[in-house]
Each structure stands twice: as structure tokens, then as C-alpha cells.
Amino acid sequence: MKGKNIKKDPICNMDVEENNAITTECDGEIYYFCSEGCRERFLKERVCKLPRTSYDLIIIGGGPAGLTAAVYAATLKMEAFLITRDLGGQAVDSTKIENYMGFDFITGPELIEKFRYQLIGSHYIDHLMSDVEVIEPVEGGFNVTTSDLKKYFAKTLIIATGMTRRRLKVPGEEEFQRKGVFYGNVQDISLVQGEDVAVIGGGNSAMQIVENLYTVARNVYIISDTKLSADPVVIDRINRYRNAHKKGPYSAIYPIRYYEGYKVVEFSGGKTLSNVTIRKIAEKETIDLPVKGVFSP
Ligand SMILES: Cc1cc2nc3c(=O)[nH]c(=O)nc-3n(C[C@H](O)[C@H](O)[C@H](O)COP(=O)(O)OP(=O)(O)OC[C@H]3O[C@@H](n4cnc5c(N)ncnc54)[C@H](O)[C@@H]3O)c2cc1C
């Protein structure tokens, strides 16, 4: 929604585009809503001044799992409330989803837009864009406290908070996310066709990424702070690629190179990533590897 005129829905905190929002005028002020449901709730709560805080069900997390639960709850007409940090979860990171029923191919953001419509357009349940910070068991259910210190009660909880990627915590990591720094994202491999790339890690997941990159990218650097820990059969396979004079357009000239016992120090570049700096553990000297993509499992 960058560059568009964005307003905040006062009920659920969702960002809404001014031109597409549902509006209402109240006490001389215009309010913008993501859906008819939020507008109705606003008008109801505006009159009674007692926002609802007790539900049969609270769903925490707005990824595919939480949103599916929310849509079911709506069809069952349950007294349900969805609290989530964002809509879509990890799917937002996916440039290409190829195994989702009903679509031969769809991008993560497109799929999320469909989820969003299904939730707030056709299967409305109360929802709030916020972080859940505390869950306490109390008599008859649970108290849930959000980051703005609001407390909600539910008889039942569905916790669908998914997972977050382990970060490397080095300078430049946040800046180049999805602009060269990718997490376990085999879908993004097409973005580095014919480019030099690095894979961070020495386990099976990292090696799987190497195998995917091998025929697509040019130089492939493996950076691992320990000796490679993948299964021997996997390492054997990588070694075979490494030593073979292969048919692929890039790999015959540009073999896979190992940097075992090295740590990543920094990501750098312009608008997108162009370099990763590494350092051998317990040594001072650093090496710059010019790369367009770095993949971490
Ligand atoms: C780059 C990438 C590409 C992928 N490609 C595919 C693919 O092609 N096909 C496929 O099937 N799968 C793919 N996946 C995996 C797929 O996205 C996940 O399996 C799916 O998103 C899991 O859904 P989930 O709802 O369980 O969790 P998540 O998607 O992780 O959602 C969790 C939700 O909980 C919220 N949350 C977390 N903590 C809190 C809190 N304390 N308070 C409030 N909210 C919270 C998050 O904000 C998020 O909305 C991909 C994943 C990634 C990262």
C-alpha cells in the first residue's frame, strides 16, 4: 500500500486505502473501515461505549492456519475474535506458490489478498491487528493481553502463530530482506539466475538449497561456521557436483566453493544486495564475496 493514502481502521487497526475504504461520519469526523463488519462494530460500540472483551473463541495468528479457523468460525456463527500481528503470515514472503489447490500458480501477496477478502468481505469475524503478549489460564477459559495492554477473555483459544525465521543478526540483514537476503526460499531462486550466490549453513536444509541453486546460479559459496553437518550422503552428492565437469551453463566453469569455519559479518550493497562479508572464526581478516543472493535455511 506504499504511496497510497492510507488510513487506520479504528476498530481493528488494519491499514486501509482511503479510496477503497468503507466510511462513516461521526461527530463531524470521517472514519475509515476495512469492512462493513468493522463499521457496524464501531457504530455499536460508539453508542454503548463498552467494547466487547469476552468471546467463546479467540484465534491468535492470521496466517493460512488462523485465517482458515476464522473463516470456519464465521460460517459456524461462533462468537469469535481473531488477533494477529499481520494478515497472511509467512505467505507474504513467498514469490511463487505452486502447490496450493485451486491455483496453478499464485504469488504470496495475491493469495493473501484473497484471504483478506474472504475474511473481511465474505466471512466477517471481529478482528484486531495487534500482538498477543500474555496468555493466562483463568476460571472457565483464558485471558489474552495484547501489546496495547488490552485484555480479552475467551472460553477457548486457537493458537496459530506459525513460526518465524531464525535471523543471522548481522548488519544489513533487515535492509536487504527479499532484496538479496532470503530465508529457505527455494521459490526465490529464479531471481538469481546466472548470478553469484551464497548459502549460509552446513546442514541438510542448507544443502538442499545448494542443490536447487546449483544449476541456476553461477558461483555458489557455502558459508558455515562449523564443518558441514548434513548427512554424509548429501555431502557426497554436493562433492560430486563440486568436482564434476557439468553440462549446466554455469556450474562447469564456476564450481561450488566451501567456506567452513566462517561467520557472516555484514551484508552490503545499494538498492539490492551486492556483497557479503565473511570472517574466519578466531581470525581478524575478512573476505568480501560479491553476491546477488544469500540464502539461509
Ligand atoms: C518464502 C516462503 C515460501 C513459501 N512457499 C510455500 C509454498 O510455495 N507452498 C506452501 O505450501 N508453503 C509455502 N511456504 C510455507 C507456508 O507459508 C507456511 O507453511 C504457512 O504460512 C504456515 O501457516 P501458519 O498459519 O501455520 O503460520 P504463519 O504463516 O507463520 O502465520 C502465523 C501468524 O501468526 C501471527 N503471530 C505470530 N505471533 C503472534 C503474536 N504473538 N500475536 C499475534 N499474532 C502473532 C503472525 O503475524 C502470522 O500472521 C512458504 C514459506 C516461506 C517463508
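Here is a short report on the structure shown in this document. (Residues numbered from 1 in each chain as written. Predicted model: local features only at pLDDT ≥ 70, side-chain atom pairs only at ≥ 80, totals over all residues. Heavy atoms only, no water.)

## Overview of the sheet that holds strand β6 (residues 80–84)
Right, on to step 1. Read from one edge to the other, the open sheet built from six strands follows the order β7-β6-β5-β10-β9-β8, with strand pairing classed as mixed. The two strands at the open ends of the sheet, each matched to only one other strand, are β7 (126–129) and β8 (132–138). On average, adjacent strands in this sheet sit at an angle of 40° to one another, irrespective of strand direction.
Right, on to step 2. With six bridges joining them, β8 and strand β9 (residues 141–146) adopt antiparallel strand pairing. Across the sheet, the residue bridging to V138 is G141, located in β9.
Right, on to step 3. With respect to the sheet, helix α2 (residues 64–75) is in contact with β5 (54–60), β6 and β10 (151–159), its orientation differing from that of β5 by roughly 150°. (Pairing = 2+ DSSP bridges. Helix = DSSP H or I, 4+ residues; strand = E, 2+ residues; numbered from the N terminus. Axes fitted to C-alpha atoms, helices over the stretch in contact; angles between N-to-C directions. Contact = heavy atoms within 4.5 Å.)

## Some thoughts on the site of the ligand
Right, on to step 1. Lining the immediate environment of the ligand, one finds 27 residues, of which A65, D86, Q90, N99 and V132 sit closest.
Right, on to step 2. Note that an oxygen atom of the ligand is positioned 3.3 Å from one of the backbone N or O atoms of G62.
Right, on to step 3. Q90 is positioned with one of its side-chain polar atoms (N or O) 2.8 Å from an oxygen atom of the ligand.
Right, on to step 4. When the ligand sits alone it has 1,000 Å² of accessible area, and the protein chains cover 78% of it.
Right, on to step 5. Taken together, the residues of the shell around the ligand break down into eight nonpolar, 13 polar and six charged. (Near = heavy atom within 4 Å. Polar contact = N/O pair within 3.5 Å; in protein donor to acceptor, adjacent residues only side chain to side chain. Areas by Shrake-Rupley, 256 points an atom, 1.4 Å probe, with all protein chains shown as cover. Nonpolar A, V, L, I, M, F, W, Y, C, P; charged D, E, K, R; others polar.)

## Brief notes about the side chain of H127
Right, on to step 1. Within the secondary structure, H127 is located in strand β7.
Right, on to step 2. Polar side-chain contacts of H127 include one of 2.8 Å to the backbone oxygen of I125.
Right, on to step 3. Excluding residues within four positions of it along the chain, H127 makes contact with I11, C12, M14, C34, S35, C38, R41, F81, L82 and I120.

## A look at the sheet that holds strand β13 (residues 220–224)
Right, on to step 1. Pairing is parallel in the open sheet, where five strands are placed in the order β11-β18-β12-β13-β14. At either end of the open sheet lies a strand with only one pairing partner, and these are β11 (181–183) and β14 (256–260). Across the sheet, the axes of successive neighbouring strands diverge by a mean angle of 20°, strand direction being ignored.
Right, on to step 2. Bridging between β13 and β14 involves five bridges; their strand directions are parallel. Across the sheet, residue I223 finds its bridge partner in β14, namely Y259.
Right, on to step 3. Contacts from helix α4 (residues 204–214) reach β12 (197–200), β13, β14 and β18 (293–296), with the element oriented near 165° to β12.

## A word on the packing of aromatic side chains
Remark: the centre distance and the inter-plane angle together describe each pair of aromatic rings, the angle taken between the planes.
Right, on to step 1. In total, this model carries nine aromatic pairs according to the counting rule given.
Right, on to step 2. Judged by centre distance (4.6 Å) and plane angle (15°), the rings of Y55 and F81 are stacked. You can see Y55 sitting in strand β5 and its partner F81 sitting in strand β6, a full 26 residues away along the chain.
Right, on to step 3. Among the residues examined, Y55 registers a relative accessible area of 2% and is labelled buried.
Right, on to step 4. For the pair Y100 and F115, a centre-to-centre distance of 6.4 Å together with 65° between the ring planes defines the contact as edge-to-face. You can see Y100 sitting in the loop between β6 and α3 (108–122) and its partner F115 sitting in helix α3, a full 15 residues away along the chain.
Right, on to step 5. On the basis of relative accessibility, which here comes to 35%, the residue Y100 falls in the partly exposed class. (Phe/Tyr/Trp six-rings, centres within 6.5 Å; stacked < 30°, edge-to-face > 60°. Buried < 20%, exposed > 50% of the residue type's maximum accessible area, 1.4 Å probe, protein only.)

## Points about the pattern of salt bridges
Right, on to step 1. Applying the stated criterion across every chain yields a total of 14 salt bridges.
Right, on to step 2. With a closest N to O distance of 3.6 Å, D126 and R41 form a salt bridge. Of this pair, D126 sits in strand β7 while R41 is found in helix α1 (residues 36–48), placing the two residues 85 residues apart along the sequence.
Right, on to step 3. Taking the relative accessible area as the measure of exposure, D126 reaches 12% and is therefore buried.
Right, on to step 4. For R41, a relative accessible area of 11% gives the class buried.
Right, on to step 5. Here D56 and K155 are joined by a salt bridge, their closest N and O atoms 3.0 Å apart. Of this pair, D56 sits in strand β5 while K155 is found in strand β10, placing the two residues 99 residues apart along the sequence.
Right, on to step 6. Put simply, R41, E45 and D126 are held in one network by salt bridges that share partners. (Salt bridge = Lys/Arg side-chain N within 4 Å of Asp/Glu carboxyl O.)

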